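Read off the chains here:
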Amino acid sequence: MEQGTRKPVAGTGAEEAGSGGAGPGVRPVERARLIAAWRGSQRTLVDGPSGVTLRERLDRLLADAPTAYDLDGWTDVYGNDDGIVGALERRTAELLGMEAAAFFPTGTMAQQVALRCWAGRTGSTTVAGHPLSHLEVHERDAYAVVSGLRMVHPTRAPRLPTAGEIYDLQEPFGTLALELPLREPGFVLPEWADLTAAVAAARDRDAVVHFDGARLWECGPHFGRTLPETAALADSVYVSFYKSLGGISGAALAGPEDFIEEARAWRHRYGGQLFQQWPAALAALVGLDRELPRLPEYVAHAKVVAQALGDGLAEAGVPWFRVNPAVPHTHEFQVWLPHPPEVLNEAGVRLAEETGTTLFRQWFEPDAAVPPGLSMTEVTVAASAMAWTAADVRAAVAEFVERVGALGA
């Protein structure tokens, strides 16, 4: 679990959270019971990697691999260019319309290397970014602690900065970092005209532009643009291979050839030139084959699911809730309810155990400045959700809310 605004619920194998004022007798769900409920479900709206055994993951990878890469090829050695890592790098660069790409074991490392390289090239250690960005919330201030950079914020609104806000920054900056989509406020995206205007404003201020595009793969439907058209706005782009694509791990940094060569040197200095990375690279290639073409249909269905969740909660008489955004920008969005996470997780487990239906995964108590007693869950609409109709969602919501009420919440 990433560090940041989501407090994992105690007993789930992650950092312990407070009780949050749960109803009488409601305790955190034990991890073993949670996984058993997920695995025992006949249908699942929101799926995830938790609860999959090593054997199952290996069997699935082996089954999918022959169409993604020649398994008679040699394993990689330190990411050699003529092996599977090199093949993944070239394919990524081609998909993004960039000159070159470098594979990184983590997105955090890719981001830090990108910002450090741009700082050296621009002569500025100041980065303009959002206070809710991954750089600020989930990377332990690495840009400052490791690389000696500093962050300024064009806006604190729960959206990406506008061109006017970028022009109005009172001090110079060398790099504008934009997270697409911005996860913390609900995986939100600007309109295409606003994005291009923000990029133009940064250029007018003699800055380069870096996209934190961990989930850039899923942004095309909202923008109405191809991946290369979107990536072309930036000087460098980071993408993830496990977010949206279902890979094991790993990321890529893409940009001009000379920039990527410099990034490779810093990757080595940061400890990212691993001896072998073929499992992660192979899973990434599988994801590019299997999941990337399906993302537009996931995004379209997310709108159906979000509407049905809202309708179902309203029909069930829930006094307050929020589906955020009401119309998702990608295939991911948030649901908020006024109950402690222990209550909502217990209700979800009971629903799975008693009906064989998993509606949500885990609920969390945010650290952010929100009224106490609220919990949030992130909904990712992918393959497991495609068979769900709006009526299916509303019916499952009714059963979920009934169990929340039975817990005295």
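The structure displayed is predicted, hence computed values, not measured ones.

Enquirer: Even after reading the chapter, I still don't get the overall build of the protein chain, so can you show me in this structure?
Expert: A count of helices and strands for the protein chain gives 15 helices and 14 strands. In terms of overall size, the protein chain behaves like a compact globule, its C-alpha atoms giving a radius of gyration of 22 Å where 409 residues would be expected to give roughly 22 Å. The C-alpha extent of the protein chain, read off along each of the three principal axes, is 60 × 55 × 35 Å. Out of the 409 residues in the protein chain, the part that is buried amounts to 55%. Residue pairs at least 24 apart in sequence account for 74% of intrachain contacts in the protein chain once pairs closer than 6 positions are excluded. When the accessible surface of the protein chain is summed, it comes to about 17000 Å², and 53% of that surface belongs to carbon and sulfur atoms.

Enquirer: Quick question: what am I supposed to make of the pairing of strand E6 (residues 175-179) here?
Expert: Strand residues, when the strand is regular, have side chains that alternate between the two faces of the sheet. For E6, the buried fraction is high: 5 of the 5 residues fall into the buried class. The alternating pattern of E6 places Thr175, Ala177 and Glu179 on one face and Leu176 and Leu178 on the opposite face, and all of these are buried. Across 2 bridges, strand E4 (residues 126-128) lies against E6 in parallel orientation. Each residue of the ladder has a partner; that of alanine 128, found in E6, is leucine 176.

Enquirer: Is there a simple way to explain the packing of aromatic side chains in this structure?
Expert: How two aromatic rings sit relative to each other is given by the distance of their centres and the angle of their planes. On inspection of all chains with the given rule, the structure shows 9 aromatic pairs. For the ring pair tryptophan 118 and phenylalanine 259, a centre distance of 4.2 Å and an interplane angle of 15° mean the geometry is stacked. Of this pair, tryptophan 118 sits in helix H4 (residues 107-122) while phenylalanine 259 sits in helix H11 (residues 257-269), and the two are 141 residues apart along the sequence. For phenylalanine 259, a relative accessible area of 0% translates into the label buried. Over the face of the ring belonging to phenylalanine 104 we find arginine 267, whose NZ or CZ atom lies 5.8 Å from the ring centre. The ring of tryptophan 266 has arginine 269 lying over it, and the distance from NZ or CZ to the ring centre is 4.6 Å.

Enquirer: Hey, could you run me through the sheet that holds strand E8 (residues 236-240) in this one?
Expert: Consider a sheet: its strands pair through backbone hydrogen bonds, and that pairing is either parallel or antiparallel. Taken in spatial order, the 7 strands make up an open sheet running E3-E9-E8-E7-E6-E4-E5, and their pairing is mixed. Looking at the sheet topology across the chains shown, the edges are occupied by strand E3 (100-104) and strand E5 (150-152). Averaged over all adjacent pairs, the angle separating strand axes in this sheet is 25°, with direction ignored. Its contacts with the sheet place H4 against E3, E4, E6, strand E7 (208-212), E8 and strand E9 (251-255), and it is angled at close to 180° to E7. Running at roughly 140° to E7, helix H8 (residues 192-204) makes contact with E6 and E7 of the sheet.

Reading guide: rules and limits
Residues numbered from 1 in each chain as written. Predicted model: local features only at pLDDT ≥ 70, side-chain atom pairs only at ≥ 80, totals over all residues. Heavy atoms only, no water. Helix = DSSP H or I, 4+ residues; strand = E, 2+ residues; numbered from the N terminus. Rg over C-alpha atoms; globule rule 2.2 N^0.38 Å. Buried < 20%, exposed > 50% of the residue type's maximum accessible area, 1.4 Å probe, protein only. Contact = heavy atoms within 4.5 Å. Areas by Shrake-Rupley, 256 points an atom, 1.4 Å probe, with all protein chains shown as cover. Pairing = 2+ DSSP bridges. Phe/Tyr/Trp six-rings, centres within 6.5 Å; stacked < 30°, edge-to-face > 60°. Lys NZ or Arg CZ within 6 Å of the ring centre and 35° of its normal. Axes fitted to C-alpha atoms, helices over the stretch in contact; angles between N-to-C directions.

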